[in-house]
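# Notes for the structure review
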Amino acid sequence: MAKQLLSPLPGVFYRRPSPDEANFKNDGDAVAAGDTVGIVEAMKSFFPIEAEEAGVAIRFLVEDGAAIDAAQAIAEMD
Amino acid sequence: MTIKSLFIANRGEIAVRIIKAAKALGIRTIQAASEADTGSLACKLADDVVVIGPPQAAKSYLDIDAVVAAITASGADAVHPGYGFLSENPRFVSAVQAAGVIFVGPDAETIAKMGDKATARAEAIAAGVPVVPGSEGLISDLNDARAQARRIGYPVMIKASAGGGGRGIRIVDDEASLETLVPQAMAEARAAFGNDSLYMERYISRARHIEVQVLGDGTDVVHLFERECSLQRKRQKVWEEAPAANLPQRVRDAICASAVALAKRVHYKNAGTLEYLYDSETEEFFFIEMNTRIQVEHPVTEAITGIDLVQAQLRVAGGERLWFSQSDIEAKGHAIEVRINAENPLKMFMPSPGLITGYAAPAGDAVRFDTLLYDGYQIAPYYDSLVGKLIVAANDRASAIDALTSALDTLKIEGIHTTVPLHKALASNPEVRNGRFHTAWLEGWMGAGGLSAKS
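If you're wondering where the values come from, they're calculated on a predicted model, not measured in any experiment.

All names here are of chain B. Mapped onto the elements, Arg227 comes out in strand 10 (residues 221-233). There is a polar contact of 3.0 Å between the side chain of Arg227 and the side chain of Thr273. Separated by 2.8 Å, the side chains of Arg227 and Thr301 make a polar contact. With near-sequence residues (within four places) excluded, Arg227 lies in contact with His209, Ile210, Glu211, Gln213, Glu241, Ala242, Thr273, Gln295, Glu297, His298, Val300 and Thr301.

Structure follows, in structure tokens:
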């Protein structure tokens, strides 16, 4: 069963550390435990979303710059 | 001319505060709102609401073209910028004035001059106001560093002139350490920034943050005494008070006089704040910067002087000369403000936006709560986390802290996490109660488990 990566808080989801940089991860990438897969901006602060465990073939479920809710799945992986 | 209608180019608790001040003066209010803010308390209280753009601040409250277009269309004769957003943006001020609308604040030139650290420092020196002793120009080599450090006095802080955000900063205690640290810092700066020039200034290890409120009409300037904001986390003020605890009267007189001298030199108009570092061991104070707007913590000054600063801003902007002189202003008692943020202090201050499922304002004599909250309000994640400011006043500091504790017990905010537990812990802390803290104290106390140990 696919493992889901959840946002700990509501905010705006970003896949890149800054607009000029590459995505943290792309669809199909392998993920190690502790890897940052995205960041959430909430109340003028930025929080990394880190994978709690390793996985293969990550698939993102929300777009860069999308508004997300707390506990919303932002990606899944096998 | 007297202002008859006012456009509020801000949001949150300060928008509510400005609307109340305008209403007290019989001024019609027009509230700017992003699409996420149309249900805000400010929008409920204002006479009119204008939607200026999408939720993201960059596309609404920070979009100069959008805000100026909304101001012009509203027919307002003045704009209050609040704090943050466009309040200290000279380009915005020029655009407002070009549209024939009064900006409630100083002119663009003063904002630009005092908003730039280098020119503000030069103005301060010209006005005879002490600034943090620093190197004259950049440091080119070790010999130069040695000479400059002797003049400035140890300990000194060396920074890469191309660095920023605290990178490449070293604290140097004596000449022996300087001999090793300067070449190191230069090599590092060259590697990191391709530029090895350094800047040096006196390091004040236990600095307190003291600031002076001024009010000018372009000719006369008065001060409304000082505030202390030394309790900070990540350079954000957490707890502010007026007057500063344990400040010798001689120092108070000197620091307030210096603020007036600098504000007079730049013909300051409207409310402003001059920020200083204060070294309680040597009783020296140093000007660091000026904020050319109303500050978050202005209510503590209002509580001890009885002067409504936002109403004063509107009257001065409308063309009135100051209606009181320095000798009419008296400071009475002690006031404390704590910032109630939608953050979980027990979980690394993670933001906690969400639905307010229960709310009761704090109760008590001389208790004030400036807030954007109401029962059923949805706090959006797009803006900063300040949801309210609890202000208490009493005859003396100890009684004010007791009043703060009681008020915190009666404040009810349900549905989100807030920083109330932090303030309760601070209010019962002996060092806070004795007024023995500096700008690094709070983080040190938290690092040592102060918050978790207490609650």
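Now that the structure is up, let's keep going.
Residue and element names in this part refer to chain B. Pairing is parallel in the open sheet, where five strands are placed in the order 3-2-1-4-5. Each edge of the open sheet carries a strand with a single partner, namely strand 3 (48-53) and strand 5 (102-103). Here strand 2 (residues 28-34) pairs with strand 3 via five bridges, running parallel. Note that in strand 3 the partner of Ala32 across the bridge is Val50.

Moving on: unusual backbone geometry. Residue and element names in this part refer to chain B. Put simply, Tyr154 and Pro155 share a cis peptide bond, and its omega is -5°. Pro243 follows Ala242 through a cis peptide bond whose omega is -5°. Mapping Pro243 onto the fold places it in the loop between strand 11 (236-242) and helix 9 (249-265). Not every positive phi belongs to a glycine, and Lys234 is a case in point at roughly 50°. As for its placement among the helices and strands, Lys234 is situated in the loop between strand 10 and strand 11. Residue Lys234 is classed as exposed on the basis of its relative accessible area, which comes to 60%.

It is worth spelling out empty space enclosed by the protein at this point. All names here are of chain B. Inspection of every chain in the model, using the stated rule, returns three cavities of 30 Å³ or more. Taken as a whole, the largest cavity encloses approximately 50 Å³ of empty space. Lining the largest cavity are Arg11, Leu372, Tyr377, Ile379, Ala380, Tyr383, Asp384 and Leu386. Residues that form the lining of the largest cavity fall into these classes: six nonpolar, no polar and two charged. Lining of the second largest cavity is provided by Arg11, Gly12, Val16, Asp37, Ser40, Leu41, Ala42, Leu372 and Tyr377. Here the lining of the second largest cavity is built from residues that sort into five nonpolar, two polar and two charged.

Attention now moves to the interface of chain B and chain A. The interface of chain B with chain A comprises twelve residues on the first partner and ten residues on the second. Between chain B and chain A the total buried area reaches about 910 Å² when both faces are included, carbon and sulfur atoms providing 79% of it. Together, Met350(B), Pro351(B) and Pro381(B) form the three largest contributors to the area buried by chain B at its contact with chain A, with a combined 50%. Across the chain B-chain A interface, the total number found is zero salt bridges. Linking chain B with chain A are one residue pair in polar contact (both at pLDDT 80 or more), by the criterion used here. By residue class, the composition of the side of chain B that touches chain A is nine nonpolar, two polar and one charged.

With that out of the way, let us pick up the domain arrangement of chain B. Segmentation of chain B into domains returns domain 1 (5-104), domain 2 (142-202) and domain 3 (207-454). On a C-alpha basis, the centroid separation for the pair domain 1 of chain B and domain 2 of chain B is 44 Å.

Moving on, we get to the side chain of Arg293(B). Residues and elements named next belong to chain B. With respect to the helices and strands, the residue Arg293 is situated in the loop between strand 13 (284-291) and helix 10 (298-305). Side chain to side chain, Arg293 and Glu88 meet in a polar contact 2.8 Å long. Ignoring sequence-local partners within four residues, the contact set of Arg293 consists of Gly82, Tyr83, Gly84, Ser87, Glu88, Tyr268, Ala271 and Gly272.

Moving on: the nonpolar core. Residues and elements named next belong to chain B. Membership of the largest hydrophobic core comes to 38 residues, with the highest contact counts inside it found for Trp239, Ile340, Leu404 and Leu426. Mapped onto this core, the elements with two or more residues apiece are strand 11, strand 14 (334-341), strand 21 (386-394), helix 12 (397-410), helix 13 (420-427) and helix 15 (441-447). One finds Ile3, Ile19, Ile102 and Val222 within the second-largest nonpolar core, a separate group that totals 36 residues.

Attention shifts here to the layout of surface pockets. Residues and elements named next belong to chain A. As a volume, the second largest pocket reaches approximately 440 Å³. Looking at the lining of the second largest pocket, the elements that each hand over two or more residues are strand 1 (3-6) and strand 4 (45-50). Its residues assigned to classes, the lining of the second largest pocket comprises ten nonpolar, two polar and five charged.

Let's shift gears to the sheet that holds strand 2 (residues 11-14) of chain A. The strands making up a sheet associate through hydrogen bonds between their backbones, and the pairing can be parallel or antiparallel. Residues and elements named next belong to chain A. In space, the four strands of this open sheet follow the order 4-3-2-6, with antiparallel pairing throughout. Whereas interior strands pair on both sides, the edge strands pair on one side only; in this sheet they are strand 4 and strand 6 (66-68). Pairs of neighbouring strands in the sheet enclose a mean axial angle of 35°, with direction left out of account. Sheet topology places strand 2 next to strand 6; three bridges connect them, and they run antiparallel. The residue of strand 6 that forms the bridge with Val12 is Ala67.

Okay, the packing of aromatic side chains next. For any pair of aromatic rings, geometry is given as the distance between the ring centres together with the angle between the planes. All names here are of chain B. Applying the stated criterion to the full structure yields eleven aromatic pairs over all chains. When the centroid spacing of 5.5 Å and the interplanar angle of 10° are considered together, the rings of Trp441 and Trp445 count as stacked. Taken as a pair, Trp441 and Trp445 lie in helix 15 at a separation of four residues, close to a single helical turn. For Trp441, a relative accessible area of 8% translates into the label buried. Looking at Trp445, the relative accessible area reads 12%, which means it is buried. Cluster of aromatic residues (ring-pair linked, three or more members): Tyr61, Phe85, Tyr382 and Tyr383.

Moving on, we get to the pattern of salt bridges. Residue and element names in this part refer to chain B. According to the stated counting rule, one finds 36 salt bridges over all chains in the structure shown. The partner of Glu88 in a salt bridge is Arg293, and the shortest N-O contact between them spans 2.8 Å. Of this pair, Glu88 sits in the loop between strand 4 (78-80) and helix 4 (90-98) while Arg293 is found in the loop between strand 13 and helix 10, placing the two residues 205 residues apart along the sequence.

What counts, and where the lines are drawn
Residues numbered from 1 in each chain as written. Chains lettered and ligands numbered in written order. Predicted model: local features only at pLDDT ≥ 70, side-chain atom pairs only at ≥ 80, totals over all residues. Heavy atoms only, no water. Helix = DSSP H or I, 4+ residues; strand = E, 2+ residues; numbered from the N terminus. Polar contact = N/O pair within 3.5 Å; in protein donor to acceptor, adjacent residues only side chain to side chain. Contact = heavy atoms within 4.5 Å. Pairing = 2+ DSSP bridges. Buried < 20%, exposed > 50% of the residue type's maximum accessible area, 1.4 Å probe, protein only. 1 Å grid on protein atoms, 1.4 Å probe; cavity = no way out; pocket = protein on both sides within 12 Å on 5 of 7 lines; lining within 4 Å. Points joined across faces, edges and corners; volume = space filled by probe spheres on them. Nonpolar A, V, L, I, M, F, W, Y, C, P; charged D, E, K, R; others polar. Buried area = accessible area lost by both parts, 1.4 Å probe. Salt bridge = Lys/Arg side-chain N within 4 Å of Asp/Glu carboxyl O. Domains from an automatic or database assignment. Core = buried A, V, L, I, M, F, W, Y, C linked by side-chain atoms within 4.5 Å. Axes fitted to C-alpha atoms, helices over the stretch in contact; angles between N-to-C directions. Phe/Tyr/Trp six-rings, centres within 6.5 Å; stacked < 30°, edge-to-face > 60°.

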